[in-house]
Amino acid sequence: MKNVLVIGSTGQIGSELTMKLRHTYPSGNIVAGYIKGAEPKGELLESGPSMEVDITNAQQIADAVKKYDIDTIYNLAALLSAVAENKPLLAWKIGIGGLMNTLEVARELKCAVFTPSSIGSFGPNAPKDGTPQDTIQQPRTMYGVTKVSGELLSNYYALKFGVDTRSVRFPGLISYVTPPGGGTTDYAVDIYYAAVRGERFKCPIAKDTFMDMMYMPDALRAAIEIMEADPEKLVHRNSFNIASMSFDPEIIYQKIKQYVPEFEMDYEVDPLRQAIADSWPNRLDDTCARLEWGWKPEYDLDAMTRDMLEKLRIKFAK
Ligand code: SER
């Protein structure tokens, strides 16, 4: 990897991944692709090139790839699960139409492509605990439908045209730089914001609902390590289960309370998000990622909680 285009560079993952790629590959062009209305600002804008790249516009993707001699595309454009339920056509247009545009440009101009999949690519028919790498994927959400289709399409382009597509199935991602928007796992981000602001938290997900979660630094490392992995060792491509922690709202609440004893939470369950969460796995088995490319998370719930609280306190003190 040397010259990289990040599509969706101002989103929750993109805003941090672009900066990490710029630090990791200081001599390369790491291009922050954005859409109108979500332009990069501050350090993201000032530390490297940026360009308007709307994933639904294949010409814009091709122009960026040619201009900066791009060898790897990170395709991070997507609607998250709860939003996608309300805007299914747009979710398909971005998730699959956009991926098709990206893969076609990658085929013609010879780029590798990373497109994240998700715990949402599984549905209620998959084993809930220790969900295997290869199992039934029959999601009941539009988000999941686009993710499974994206995995299949990416594998097809690898097999048929030799495009180097690779990816991981991300758990809910917890971070303090850019908030997520409209996901089912967002509560596990919002809860930290409430704790640091001294607010009572209304949890939209019910007690005993377990989902895989991951701290952003581990997720960023996974996104880079999979693209740098030795291809000889990869049996799978799209997409690898990765995991680091699984908890329900009560467990994360109690953990935060250890550090913020006055913090209070009650439940106001959102039926849409709850139905989505109920259809997802409790905990993925990430053995294949560990064996094939050495995946290993660094943060557990305690380490993440200490870091989130510290970083958010600094953020709000500014
Ligand atoms: N964080 C995503 C969502 O909740 C899951 O991959 O939509």
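Conventions used here
- Residues numbered from 1 in each chain as written.
- Predicted model: local features only at pLDDT ≥ 70, side-chain atom pairs only at ≥ 80, totals over all residues.
- Heavy atoms only, no water.
- Axes fitted to C-alpha atoms, helices over the stretch in contact; angles between N-to-C directions.
- Helix = DSSP H or I, 4+ residues; strand = E, 2+ residues; numbered from the N terminus.
- Parallel < 35°, antiparallel > 145°, perpendicular 65-115°, else oblique.
- Left-handed = near helix turned anticlockwise from the far one by under 90°.
- Contact = heavy atoms within 4.5 Å.
- Nonpolar A, V, L, I, M, F, W, Y, C, P; charged D, E, K, R; others polar.
- Buried < 20%, exposed > 50% of the residue type's maximum accessible area, 1.4 Å probe, protein only.
- Pairing = 2+ DSSP bridges.
- Near = heavy atom within 4 Å.
- Polar contact = N/O pair within 3.5 Å; in protein donor to acceptor, adjacent residues only side chain to side chain.
- Expected span 1.5 Å × (residues − 1).
- Phe/Tyr/Trp six-rings, centres within 6.5 Å; stacked < 30°, edge-to-face > 60°.

A. Broad picture of the packing of helix H5 (residues 88–109) against helix H6 (residues 142–161). Following both chains from N to C, one finds H5 and H6 inclined at 15°, their axes separated by 10 Å at the closest point. Judged by the inter-axis angle, H5 sits roughly parallel to H6. Crossing hand, H5 versus H6: right-handed. In this structure, H5 contributes Pro 88, Ala 91, Trp 92, Ile 96, Leu 99, Met 100, Leu 103, Glu 104 and Arg 107 to the contact, and H6 contributes Met 142, Val 145, Thr 146, Ser 149, Gly 150, Leu 153, Ser 154, Tyr 157 and Phe 161. Here the contact of H5 with H6 is composed, by residue class, of 12 nonpolar, four polar and two charged.

B. Focus on the pairing of strand S4 (residues 72–75). Going residue by residue along S4, you find Thr 72 and Tyr 74 tucked away on one face and Ile 73 and Asn 75 tucked away on the opposite face as well. Note that strand S1 (residues 4–7) and S4 share four bridges and pair parallel. Counterpart to Val 4 in the pairing with S4 is Thr 72. In the sheet, S4 pairs with strand S5 (residues 112–114) via three bridges, with the strands oriented parallel. Paired with Ile 73 across the bridge in S5 is Val 113.

C. Fine view of the packing of helix H9 (residues 249–259) against helix H12 (residues 301–317). Interaxial distance between H9 and H12 falls to 10 Å at its minimum, and their mutual angle equals 60°. Overall, the two elements H9 and H12 adopt an arrangement that is oblique. Crossing hand, H9 versus H12: right-handed. Counting all contacts with H9, which are made through Ile 251, Ile 252, Lys 255, Ile 256, Gln 258 and Tyr 259, the residues of H12 involved are Leu 301, Asp 302, Thr 305, Arg 306, Leu 309 and Arg 313. Counted by class, the contact of H9 with H12 contains six nonpolar, two polar and four charged residues.

D. The site of the ligand, seen in detail. Near the ligand you find Leu 80, Ser 81, Ser 118, Tyr 143, Gly 183, Thr 184, Thr 185 and Trp 280, and these make up its full shell. Here an oxygen atom of the ligand sits 2.7 Å away from a polar atom, N or O, in the side chain of Ser 118. Along the lines of polarity and charge, the residues of the shell around the ligand split into three nonpolar, five polar and no charged.

E. Focus on the environment of Pro 271. Examined against the element boundaries, Pro 271 turns out to sit in helix H10 (residues 271–279). A C-alpha to C-alpha distance of 17 Å links Pro 271 and Pro 124, two positions 147 residues apart in sequence.

F. Quick peek at the environment of Gln 60. Take Gln 60: it is sitting in helix H3 (residues 58–67). The class of Gln 60 is buried, set by a relative accessible area of 18%. The spacing of Gln 60 and Asn 101 is 41 residues in sequence and 9.9 Å in space, taken between C-alpha atoms. Leaving out residues up to four positions away in the same chain, Gln 60 has contacts with Glu 52, Val 53 and Asp 54. For Gln 60, the side chain forms a polar contact with the main-chain nitrogen of Asp 54, separated by 2.7 Å.

G. Representation of H5 within the structure. Here H5 spans 30 Å end to end across 22 residues, near enough to the 32 Å set by a 1.5 Å rise per residue. Every buried residue of H5 is accounted for by Ala 91, Ile 94, Gly 95, Ile 96, Gly 98, Leu 99, Asn 101, Thr 102, Leu 103, Val 105 and Ala 106.

H. Representation of the packing of aromatic side chains. On inspection of all chains with the given rule, the structure shows 11 aromatic pairs. On the numbers, 5.1 Å between centres and 45° between planes, the contact of Tyr 74 with Phe 114 is tilted. Of the two residues, Tyr 74 is situated in strand S4 and Phe 114 in strand S5; the sequence distance between them amounts to 40 residues. Considered together, Tyr 74 and Phe 114 belong to a single accessibility category, that of buried residues. Members of the aromatic cluster, joined through ring pairs, are Tyr 74, Phe 114 and Phe 170.

I. Local environment of the sheet that holds strand S13 (residues 240–241). Spatial ordering of the open sheet is given by S6-S9-S13, a layout of three strands whose pairing is parallel. Whereas interior strands pair on both sides, the edge strands pair on one side only; in this sheet they are strand S6 (117–118) and S13. Relative to strand S9 (residues 168–170), S6 is paired through two bridges, and the arrangement is parallel. When the sheet's bridge partners are listed, Ser 118 is paired in S9 with Phe 170.

J. Spotlight on the sheet that holds S4. The six strands are arranged S3-S2-S1-S4-S5-S8 in an open sheet whose pairing can be described as parallel. In this open sheet, the two strands that pair with only one neighbour each are strand S3 (50–52) and strand S8 (165–166). Sheet strands touched by helix H1 (residues 14–24): S1, strand S2 (30–34) and S4. Its angle to S2, the strand with the most contacts, is close to 165°.

K. Highlighting the side chain of Asn 282. Inspection of the secondary structure puts Asn 282 in the loop between H10 and strand S16 (283–284). Judged by relative accessible area, Asn 282 falls into the buried class, the value being 18%. Side-chain polar atoms of Asn 282 contact the side chain of Asp 129, separated by 3.3 Å. Aside from chain neighbours lying at most four places away, what touches Asn 282 is Lys 128, Asp 129, Phe 210, Met 211, Asp 212 and Ser 246.

That's the geometry; what it means functionally is another story.
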